[in-house]
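Here is how the chains run, residue by residue.
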Amino acid sequence: MNNRKTASAGASAGATATAGITNGNGNGTAADSPAESPEQARLAELLAGLKALEEKAAVYDSLAKQIQTHEQVCLKDLAAQAKAVRSFIKSQQRAATAARKTSKHGDRPVAAAATAVESESKPIPQSALDSLDRKLQDMEFQFPRPPSLILRLALGSCAPFALRPLKLRIAYKRDYELFKLGMTIASTVVIAACLATGSRLLDAVYEFLMLYYYCTITLREHLLVVNGSRIRKWWLVHHYFSIILSGVVLIWPPSDSYTAFRPLFLWFCGFLCVLQVLQYRYQTSRLYALVALDKARPMDTVIGDGVLPAARRSDHTNVSVNRAFGFLTPFLVVGQGWQLYISWTLYELYVLAVAILFGVLGCGNLFVTARTVLSKRAGSLVLKDASPAASQPAFSGFKRD
């Protein structure tokens, strides 16, 4: 009983003391608790910041899902619309062909019987069909293309291939072009060192640099194609062969055949570097003019001969561009002839693998250059007889922001 009374009295005293402290503070906190330290205040501030960032991340993830869903819907609609537009253009072209045959022969040919319904009505003018096709190209440019097999094998099928918005795509293209120019200048320096020293180790450094260069730009070009760039298939194939060639030359052991091949190869590579700088200057100025005139896509790149198949130029631009290309063409022909000469020399040395690779590259480059010259001449002739609709900007619908 005495113990219980003592405990009860102690509890009453404690309660009285607590009540006194509470009344003294006025806010119900314990007077003997330590004040909040600066570290604890900073911790609370960081936790609050992370909490706010977590909410923003949830909103970002939700928006990304909405964009992906909306993109898939748009791609499906674009595929259906592209099929309908191209089918309509082909039907109108068949109707126009049938109408021309009818007016020429005075009656309907048997071969045009399948298009009788189409030819009964007046065909749509070609200028309107060209405008429709250009509008479709505008829409196709706004969305990414399916990635190639090489990209899926190298980066995986779920890698983020598409770059958004257009400003980021253009920045990536510009970085690709500067990378090519920087590697060309670096290669020139290494080639000069190789020629000055005669070191096989420096040769290996240069050949490894070329292997890295071609592997890198091949992947970058595939990414650019996904994001709207137009790159001739030959240049992608050219870079695949160049990767193989760089690897073979890299592992070529010191021998009499390599000693005979080395100076011819290094001087050719030095000439190629100078030629690439000239090409870069020509292609950059040409592409700048075409994009400014809305004759080319913002994602078109400076690569190879720089020919844009769908682009047409105004008369004054055509004159200046053809003058620059006329200056560049002899250097291109000399370089491609040099490749073929190296191929023949290696064939005589019985180095068949490298000889075949050089021969394929030289023949392919020479064919593309000849095709470029012919296309430029044909483009100049087309411009003289072009209709007003054909001379309108082909890609004026692009959103540049």
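Residues numbered from 1 in each chain as written. Predicted model: local features only at pLDDT ≥ 70, side-chain atom pairs only at ≥ 80, totals over all residues. Heavy atoms only, no water.

A.B. asks: Explain a nonpolar patch on the surface residue by residue, including any values.
C.D. replies: Nonpolar side chains collect at one region of the surface, where Trp344, Tyr347, Leu352, Ile356 and Val360 lie side by side and expose about 520 Å² of accessible area between them. The set of elements that each furnish at least two residues to the nonpolar patch consists of helix H10 (315-348) and helix H11 (352-384). Residue contributions to the nonpolar patch peak at three residues, all from H11. Examined against the element boundaries, Ile356 turns out to sit in helix H11. (Patch = residues over 30% accessible without salt bridge, like charges linked within 9 Å, V, L, I, M, F, W, Y side chains within 5 Å. Areas by Shrake-Rupley, 256 points an atom, 1.4 Å probe, with all protein chains shown as cover. Salt bridge = Lys/Arg side-chain N within 4 Å of Asp/Glu carboxyl O. Helix = DSSP H or I, 4+ residues; strand = E, 2+ residues; numbered from the N terminus.)

A.B. asks: So what's going on with the layout of surface pockets? Residues and values would help.
C.D. replies: Over the atoms, a rolled probe matching the size of one water molecule traces out where space is still vacant. Of the volumes computed, that of the largest pocket is approximately 560 Å³. Lining the largest pocket are 21 residues, and of these Gln68, Glu71, Pro160, Ala162 and Arg164 sit closest to its centre. Take the lining of the largest pocket: its biggest share by element is nine residues, from helix H2 (residues 38-105). Of the residues contributing to the lining of the largest pocket, the split by class is 14 nonpolar, three polar and four charged. (1 Å grid on protein atoms, 1.4 Å probe; cavity = no way out; pocket = protein on both sides within 12 Å on 5 of 7 lines; lining within 4 Å. Points joined across faces, edges and corners; volume = space filled by probe spheres on them. Nonpolar A, V, L, I, M, F, W, Y, C, P; charged D, E, K, R; others polar.)

A.B. asks: How would you summarise empty space enclosed by the protein if you had to cite specific residues and measurements?
C.D. replies: Overall, the coordinates contain three cavities of 30 Å³ or more when judged by the stated rule. Taken as a whole, the second largest cavity holds about 90 Å³ of empty space. In terms of lining residues, the second largest cavity is bounded by Met183, Thr184, Ser187, Tyr206, Met210, Tyr213, Tyr214, Cys269, Leu272, Cys273 and Gln276. Going through the elements one at a time, helix H6 (166-197), helix H7 (200-226) and helix H9 (256-292) are the ones with two or more residues in the lining of the second largest cavity.

A.B. asks: Tell me about the state of the cysteines, residues and numbers included.
C.D. replies: A complete count under the given rule lists zero disulfides for this structure. In this structure Cys194 is a free cysteine whose sulfur lies 9.4 Å from that of Cys269, the closest cysteine sulfur available. A residue is classified by how much of its surface remains accessible, and Cys194, at 0% relative accessible area, is buried. (Disulfide = S-S within 2.5 Å. Buried < 20%, exposed > 50% of the residue type's maximum accessible area, 1.4 Å probe, protein only.)

A.B. asks: Outline the packing of aromatic side chains, listing residues and values.
C.D. replies: Geometrically, a pair of aromatic rings is defined through the distance of the ring centres and the angle of the planes. Following the criterion strictly, the structure yields 16 aromatic pairs and no others. Taking the ring centre of Phe141 as reference, the NZ or CZ of Arg169 above it sits at 5.0 Å. Stacked on the ring of Phe179, the Lys or Arg Arg220 has its end atom at 4.4 Å from the ring centre. (Phe/Tyr/Trp six-rings, centres within 6.5 Å; stacked < 30°, edge-to-face > 60°. Lys NZ or Arg CZ within 6 Å of the ring centre and 35° of its normal.)

A.B. asks: So what about H9? Which residues, and what values?
C.D. replies: Compared with the 54 Å implied by 1.5 Å per residue over 37 residues, the 54 Å span of H9 between its first and last C-alpha is a close match. Along its length, H9 reaches its greatest deviation from straightness, about 35°, at Arg262, and the proline Pro263 lies no more than four positions downstream. Looking at the residues trailing H9, positive phi occurs at Asp294, about 60°. (Expected span 1.5 Å × (residues − 1). Bend = angle between axes of the 7 residues up to and from the residue.)

A.B. asks: Got a sec to walk through the packing of H7 against H9? Specific residues and values, please.
C.D. replies: Contact geometry of H7 with H9 gives a least axis separation of 13 Å together with a crossing angle of 50°. Comparing their axes, H9 and H7 come out oblique. Of the two possible hands of crossing, H7 and H9 adopt the one that is left-handed. For the pair H7 and H9, the contacting residues are Arg200, Asp203, Tyr206 and Glu207 in the first and Tyr258, Arg262, Phe265, Leu266 and Cys269 in the second. The class makeup of the residues in the contact of H7 with H9 is five nonpolar, no polar and four charged. (Axes fitted to C-alpha atoms, helices over the stretch in contact; angles between N-to-C directions. Parallel < 35°, antiparallel > 145°, perpendicular 65-115°, else oblique. Left-handed = near helix turned anticlockwise from the far one by under 90°. Contact = heavy atoms within 4.5 Å.)

Shape descriptors only; they carry no functional weight alone.
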